[in-house]
Amino acid sequence: MEDLKKVAEIVKEKGQVVAFTGAGISVESGIPTFRGAQGLWERYDPDEYAHIRSFLRNPEKVWMMLREMAYLIFEAKPSPAHLALGELERMGFLRAVITQNVDGLHHEAGNKNVIEYHGNHRWLVCPSCHSKKPFTRESLNVFPYPRCERCERALKPDVVFFGESIPLDAMIRANEEAKNCKVMLIIGTSGVVYPAAEIPYISKAYGATIVEINLERTPFTNSITDYFFAGSASTYLPEIVKLLK
Ligand code: APR
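Note that the coordinates shown come from a computational prediction; the quantities given were computed from them, not determined experimentally. (Residues numbered from 1 in each chain as written. Predicted model: local features only at pLDDT ≥ 70, side-chain atom pairs only at ≥ 80, totals over all residues. Heavy atoms only, no water.)

Some remarks on the pattern of salt bridges
Within this structure, the stated rule accounts for 14 salt bridges. A salt bridge links R43 to E68; the shortest N-O distance between them is 2.8 Å. Within this pair, whereas R43 is found in the loop between β1 (17-21) and α2 (46-49), its partner E68 is found in helix α4 (residues 59-75), the two being separated by 25 residues in sequence. Using a relative accessible area of 24% as the deciding quantity, one classes E68 as partly exposed. The salt bridge involving K179 is made with E176; its shortest N-O contact spans 3.9 Å. Of the two residues, K179 and E176 both sit in helix α7 (residues 168-180), three residues apart, roughly one turn of that helix. Residue class for K179 comes out partly exposed when judged on its relative accessible area of 31%. Through salt bridges that share partners, E87, R90 and K245 make up one connected network. (Salt bridge = Lys/Arg side-chain N within 4 Å of Asp/Glu carboxyl O. Helix = DSSP H or I, 4+ residues; strand = E, 2+ residues; numbered from the N terminus. Buried < 20%, exposed > 50% of the residue type's maximum accessible area, 1.4 Å probe, protein only.)

Structure follows, in structure tokens:
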């Protein structure tokens, strides 16, 4: 508890907090993580289901996983952790959320400055002619997959598959926020996917205090983390908000 009080004092004194979030923050919202015992990649080999090459080769197969994920995302509500980050922004402490998640739950929790590093699930996009349309529940009832009205190709959610590049505006904004933040909260990420995992290292290099919340230790923990809280984001983040009130 002492460390939590210390983190709240640092946040109060410095402000300029940036949250870097991963799948762990959405577990309590009903969306599985990718890695670990119940992880999505335990059931779907990412090489076969999450690489753009696999999607283009066999969209019908990849849409089986996409449909399963989309059902969970459409049903999901923000966790207490998402809501706590919304509160931190409203209180003026949090300047941005940089998320690897595509579930849109930070927006739903009220955060305004959200950088979606891996895109988002709210749109469908054509990999060939790049036309876009909203990803609605109705799209899930189109078999074997929704098609582009212009070129008939299989549409994909507007998320970054392995083998695709990070949206340039997200990359630029994320690097700026990482450099300018005074406190970085690393929440619920295994820290193994690049270039996203570079972000906390940038903040450390620019002198930020690094606070990490995760059930397990990660590559960040023994290298750049100053305060590590082993447990659920939905336990610790509301506690930090309470200490700041
Ligand atoms: N609170 C905090 N952390 C949690 C919780 C929780 N309640 N539950 C799980 N975690 C942690 C796990 O210990 C793990 O370290 O969340 C992390 C989830 O790791 P991953 O499943 O690897 O998710 P993430 O780090 O977001 O993956 C990064 O990989 O597959 C790609 O594009 C995908 O954006 C994703 C990227």
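So, the sheet that holds strand β6 (residues 156-159)
Two modes of strand pairing occur in sheets, parallel and antiparallel, and in both the strands are linked by backbone hydrogen bonds. One open sheet accounts for three strands, arranged β5-β4-β6; its pairing is antiparallel. Pairing within the sheet leaves two strands with one partner each, and these edge strands are β5 (132-134) and β6. In this sheet, adjacent strand axes meet at a mean angle of 55° when their direction is disregarded. Pairing between strand β4 (residues 119-125) and β5: three bridges, direction antiparallel. Bridge pairing in β5 links W123 to P134. (Pairing = 2+ DSSP bridges. Axes fitted to C-alpha atoms, helices over the stretch in contact; angles between N-to-C directions.)

Digging into the domain arrangement of the chain
Entries for the chain in the domain assignment read domain 1 (1-30 + 77-118 + 166-245) and domain 2 (32-75 + 122-159). Each of domain 1 and domain 2 has a C-alpha centre, and these two points are 27 Å apart. Facing the 14 residues of domain 1 at the interface are ten residues of domain 2. Counting each side, the surface lost to burial between domain 1 and domain 2 is near 900 Å², with a carbon and sulfur contribution of 57%. Sorting the residues of domain 1 by area buried against domain 2 places A23, G30 and V102 first, and these three jointly supply 36% of that buried surface. For the interface between domain 1 and domain 2, the tally reads one salt bridge. R122 serves as the salt-bridge partner of E116, at 3.1 Å between the closest nitrogen and oxygen. Taken together, the connections running from domain 1 to domain 2 amount to one residue pair in polar contact (both at pLDDT 80 or more). A class-by-class count of the residues in the side of domain 1 that touches domain 2 yields five nonpolar, six polar and three charged. (Domains from an automatic or database assignment. Contact = heavy atoms within 4.5 Å. Buried area = accessible area lost by both parts, 1.4 Å probe. Polar contact = N/O pair within 3.5 Å; in protein donor to acceptor, adjacent residues only side chain to side chain. Nonpolar A, V, L, I, M, F, W, Y, C, P; charged D, E, K, R; others polar.)

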